[in-house]
Structure formats: structure tokens, C-alpha cells
Amino acid sequence: MSQHPPVPLGTFPTPVEPAPRLAVALGLEPDDLWVKRDDLTGPGGGGNKVRKLEWTVGAALAEGADTLVTTGAPQSNHARLTAAAGARLGLDVVLVLRGSPGGSRSGNLALDGLFGARLAWAGEVDRAALDARAEEVCARLRAAGARPALIPFGGSSTLSARGYADCGAELREQVPRLRTVVVALGSGGTMAGLVAALGGDSVLGVDVGALADPAAAVAEFAAPLTREEVVPEGLRVRRDQVGAGYAALTGPVTEALRLAARTEGLVLDPTYTGRALAGLRAAVRDGDIRPGEKTVFLHTGGLPGLFGHPAAVAFAEEGAAVFEA
Ligand SMILES: *Cc1c(COP(=O)(O)O)cnc(C)c1O
């Protein structure tokens, strides 16, 4: 494993805040629920990708890279934060995105442009073809004399999961008798680091539908970081919030967005944190998470993604009632 030091990008530890009104709305006791504010990690609008980028970009710098290349969906928070990290460190950034340039350019895509990243559109391709396109972009950059470093899909690897092992260590200090951390599970690095630090039994991952086998990815990233055995079957993963797929807005997610906003003034996003809260709600309903236990909801960021999701924006706007005097 790479021994390169991380490059400091964020502000840590992030705060933990009580969420008593949300706790009661979910059927928990008022002091059962805490929100770990990893939406407040720092540069580029914040979010969980900052902790992972500290490690992957640290390794890229140690290798002498002058250009960061990564992949993602058009509304990838990871791509946006890679663009911000590059701007902050004086590195060029090329984002290899699924889809075509014709769609909505708001949300994360607008910020990618603001940070000065170049975009390479890959078309409607699968993950393997997206990765192949990124390799091709790296080859072209090298041919032009640049020194590119390829950051993996979602920024997730065993190396970058260390950023979330650090988050787990923060939580151990901040929340005594912590029973469960609830986190959205995308490319897997975030949950993997938490599992390495806290043990598989303490982390509930809510799958967002980004990977065919998310538990396998989490186990693969986490296993080298802990002496405990980590196997996919031993992980707590819910797959009941995917709905019609990664980009789809589900009914339980719209309810979760509204609930967090109206009980705590907390903004969630339609792809990740909205699913995570919908999964927490389902876990309370089926008894996997119980009143009297300390639960942490990990807020992983994603706010720009709300504005990049037309259906979610339309749903949010519907909530504004007309004041009639
Ligand atoms: C990427 C992302 C996640 C999931 O993290 P992974 O490490 O990819 O599993 C959760 N929330 C938000 C807002 C994200 O952007």
C-alpha cells in the first residue's frame, strides 16, 4: 500500500450536532440521534469526498503529477471536489463524465466549470468503458507532455478509505456509546473506512445503486485496514432505497428531504443523503435501529446535486405554500 502522506484540504474534526426534532419524527428518543457534519469538510462546497481526496491527491503529488483525471456521473460530487482540489493545489483537472454535453449544466456541473476543470464526455457507457475512456485521456495527456494521475471512481480505494477511518476515530471521541452510524453507500470507500475504525456491526450502509455489488467493494477496501475479519456477508447494507436506479427520485427520498429540512433545517440531496435518511427511517420501522440507542447520521454533503436534479428542485418548490392574508 502506498505510504504517501495525505495533503491537507479540509477542516477537521467536523462537528457533531444533536437532531432532537428529527429523532422524534423518526420514532426515536430526542437525544438518540446525532448528525456528523461531513458536509462541512471545507473547500469546494464540502462533502465526504474531501477526506478521500486528501489521500489520493497526496499520492498523486508524491508521484509528481501535474494533472488530476477522474470519472463520474454528470452530477458527481466527487468530480466537483476533485476540480476544487486541483484548483487549490494548482493542478489541471480533466473530468471524464458519463453522458453527453446536451443536458442540464446546473448543480455540480456549473461548479466544475467554475473551478476550471476540462470535461471529457464519454456517452452512455458502462463502468468498464468509462474507466477505459479515462485511461485513454491519461494516455493523450502523457503524449502532450503532462503527468496525469488517475483518481479511481468515486475516489474510493483502500488508501482513501483511511480518510474515513479517521472520521470513525473522531466519532468515537465525539459520541460515547455510539451504536450505529448510518451512511449512504456509493462507491464504498466511505463506509469501508468507518467499518475499519468502528467494526462492521456499527455501520449501516444505505446503497444508492452505483455498484452491482456494493458490499463486496466495502469489504475489499476495508479488509487491509483492520485486523478484524471483514466479509461482505458480515456488513449491514440496505438495498431497499435504490428504487428505479441511482438517478431516480423515489417517494421515500422526497419524504426524507422534507423531513430533514422541516425538523432541523438540514438540506439533504436526492441521490445520497436523502437515501441514507430514508434507509434510517426504514431501519427504525423494522427494528434494526431502536429507541434508546445512540445513532449517528453521517451527512456526506451533496447540496449542489439537489440543484442539478430537476425533479428534486420541482419537488422542493412545491413545498412553498402561498400566504393569503
Ligand atoms: C459519493 C457520495 C457518497 C458515497 O460515498 P462513497 O464513498 O462513494 O460510498 C455519499 N454522499 C455523498 C453526498 C456523496 O457525494
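Everything quoted here is computed from the prediction, not taken from an experiment.

Turning to the overall build of the protein chain, a few remarks are in order. For the protein chain, the helix and strand inventory stands at twelve helices and ten strands. Whereas a compact globule of 325 residues would reach a radius of gyration of roughly 20 Å, the protein chain reaches 19 Å, a difference of no more than 12%. Put simply, the protein chain has 325 residues, and 56% of those count as buried. Across the protein chain, the fraction of contacts at a sequence separation of at least 24, relative to all contacts at a separation of at least 6, is 75%. Accessible surface, the protein chain: about 13,500 Å² in total, of which carbon and sulfur atoms supply 54%. For the protein chain, the separation between the mean place of its 31 positive charges and that of its 36 negative charges on side chains is 2 Å.

A word on the packing of aromatic side chains. In total, this model carries one aromatic pair according to the counting rule given. Arranged with centres 5.9 Å apart and planes meeting at 80 degrees, the rings of tyrosine 246 and tyrosine 272 form a pair that is edge-to-face. Here tyrosine 246, found in the loop between β9 (236-238) and α9 (251-264), pairs with tyrosine 272, found in the loop between α9 and α10 (273-285); they are 26 residues apart in sequence, far enough to count as distant. Under the relative-accessibility criterion, tyrosine 246 is labelled partly exposed at 23%. Classification of tyrosine 272 by relative accessible area gives buried; the value is 16%. The ring of tyrosine 272 carries lysine 49 above its face, with NZ or CZ at 5.3 Å from the centroid. Sitting over the face of the ring of tyrosine 164, arginine 51 holds its NZ or CZ atom 5.4 Å from the ring centroid.

In this section: the UniProt feature "domain: Tryptophan synthase beta chain-like PALP" (unreviewed entry) in the protein chain. The UniProt record annotates "domain: Tryptophan synthase beta chain-like PALP" (unreviewed entry) at residues 9-301. Secondary structure within residues 9-301 divides into 41% helix and 17% strand; the distance between the first and last C-alpha atoms comes to 16 Å.

The next thing to look at is the site of the ligand. Lining the immediate environment of the ligand, one finds 16 residues, of which Lys49, Lys52, Ser187, Thr190 and Thr300 sit closest. The contact in question runs from an oxygen atom of the ligand to an N or O atom on the side chain of threonine 190, over 2.7 Å. Contact with the protein chains hides 98% of the accessible area of the ligand, taken as 370 Å² for the molecule alone. Of all the secondary-structure elements, those providing two or more residues to the shell around the ligand are α2 (49-62), β7 (178-185) and α7 (189-198). Classifying every residue of the shell around the ligand gives three nonpolar, eleven polar and two charged.

Now for the packing of α7 against helix α8 (residues 214-222). Geometry of a packed helix pair, given as the angle between the helix axes and the separation of the axes. For the pair α7 and α8, the least separation of the axes is 8 Å and the interaxial angle reads 50 degrees. Accordingly, the angle class assigned to the pair α7 and α8 is oblique. Crossing angle aside, the handedness with which α7 passes α8 is right-handed. Two secondary-structure elements touch here, α7 through Gly189, Met191, Ala192, Val195 and Ala196 and α8 through Val218, Phe221 and Ala222. Class assignment of the residues belonging to the contact of α7 with α8 gives a composition of seven nonpolar, one polar and no charged.

Take threonine 273: it is sitting in helix α10. Residue threonine 273 is classed as buried on the basis of its relative accessible area of 0%. For the pair threonine 273 and leucine 303, spaced 30 residues apart in the sequence, the C-alpha separation amounts to 9.3 Å. Residues contacting threonine 273, with those up to four places away along its chain left out, are Leu268, Phe297, His299, Thr300 and Gly301.

The subject of this paragraph is the pairing of β7. Most of β7 sits inside the fold, with seven of its eight residues counted as buried. As judged from the five bridges shared by β7 and strand β8 (residues 203-207), these two strands associate in the parallel manner. By the bridge assignment for β8, valine 181 is matched with valine 203.

What follows covers unusual backbone geometry. Residues phenylalanine 12 and proline 13 are joined by a peptide bond in cis, for which omega reads 0 degrees. The topology assignment puts proline 13 in the segment before β1 (16-18). With a phi close to 60 degrees, arginine 177 is a non-glycine residue in the positive phi region. Relative to the helices and strands, arginine 177 resides in the loop between α6 (158-174) and β7. What makes arginine 177 exposed here is its relative accessible area of 69%.

To summarise the sheet geometry, strands pair through backbone hydrogen bonds and adopt either a parallel or an antiparallel arrangement. Reading across from one edge, β1-β2-β10-β7-β8-β9 is the order of the six strands in this open sheet, with mixed pairing throughout. Only two strands of the sheet have a single neighbouring strand rather than two, namely β1 and β9. Mean inter-strand twist for the sheet, computed between neighbouring axes without regard to direction, equals 25 degrees. In the packing of α10 onto the sheet, contacts are made with β2 (33-37), β7, β8, β9 and β10 (294-299), and the angle to β10 comes to roughly 160 degrees.

Cut-offs applied
For every chain, the first residue of its written sequence is number 1, and the numbers climb from 1 along that sequence. Where local features are concerned, this predicted model is filtered to residues with pLDDT of at least 70; where side-chain atom pairs are given and counted, the filter is 80 or more; whole-chain, interface and lining totals use all residues. Processing note: side-chain calculations cover all non-hydrogen atoms of the structure and skip hydrogens and water entirely. Counting from the N terminus, the helices are the DSSP runs of H or I reaching at least four residues and the strands are the DSSP runs of E reaching at least two. Each radius of gyration reported is based on C-alpha atoms, and the globular scaling rule is 2.2 Å times the count of residues to the power 0.38. For each residue, the accessible area found with a 1.4 Å probe, counting protein chains only, is set against the maximum for its type, and the residue is called buried under 20%, exposed over 50%, and partly exposed in between. A contact between two residues is defined here by any heavy atoms of the two lying within 4.5 Å. Shrake-Rupley sampling with a 1.4 Å probe provides the accessible areas, and residues are treated as covered by the protein chains on show and by no other component. Just so you know, the count uses Lys and Arg for positive and Asp and Glu for negative, and it drops His and the chain ends. For the purpose of locating charges, the reference atoms are NZ of Lys, CZ of Arg, CG of Asp and CD of Glu. Pairing of aromatic side chains here covers Phe, Tyr and the six-membered ring of Trp, requires ring centres within 6.5 Å, and sorts the geometry by plane angle: under 30 degrees stacked, over 60 edge-to-face, intermediate tilted. A positively charged side chain is recorded as over a ring if its NZ (Lys) or CZ (Arg) lies within 6 Å of the ring centre. The angle to the ring normal must also be within 35 degrees. UniProt positions are given in the numbering used here, feature names are shortened, and annotations may be inferred rather than shown by experiment. Put simply, a residue is near a molecule or strand once any heavy atom of it comes within 4 Å of that molecule or strand. Polar contact is defined as a pair of N or O atoms within 3.5 Å, subject to the rule that within protein one atom must be able to donate a hydrogen and the other to accept it, and that residues adjacent in sequence are counted only when both atoms are side-chain atoms. In this classification, Asp, Glu, Lys and Arg are treated as charged, Ala, Val, Leu, Ile, Met, Phe, Trp, Tyr, Cys and Pro as nonpolar, and every other residue, Gly included, as polar. Here an angle of 0 to 180 degrees is reported between the N-to-C directions of two axes, which are lines fitted to C-alpha atoms, with helices fitted over the stretch in contact. In these notes the angle categories are as follows: under 35 degrees is roughly parallel, over 145 is roughly antiparallel, 65 to 115 is roughly perpendicular, and the rest is oblique. Throughout, a crossing is termed right-handed when the near helix is turned clockwise from the far one, and left-handed when it is turned anticlockwise from it by less than a right angle. Two strands form a pair only when DSSP identifies at least two bridges running between them.

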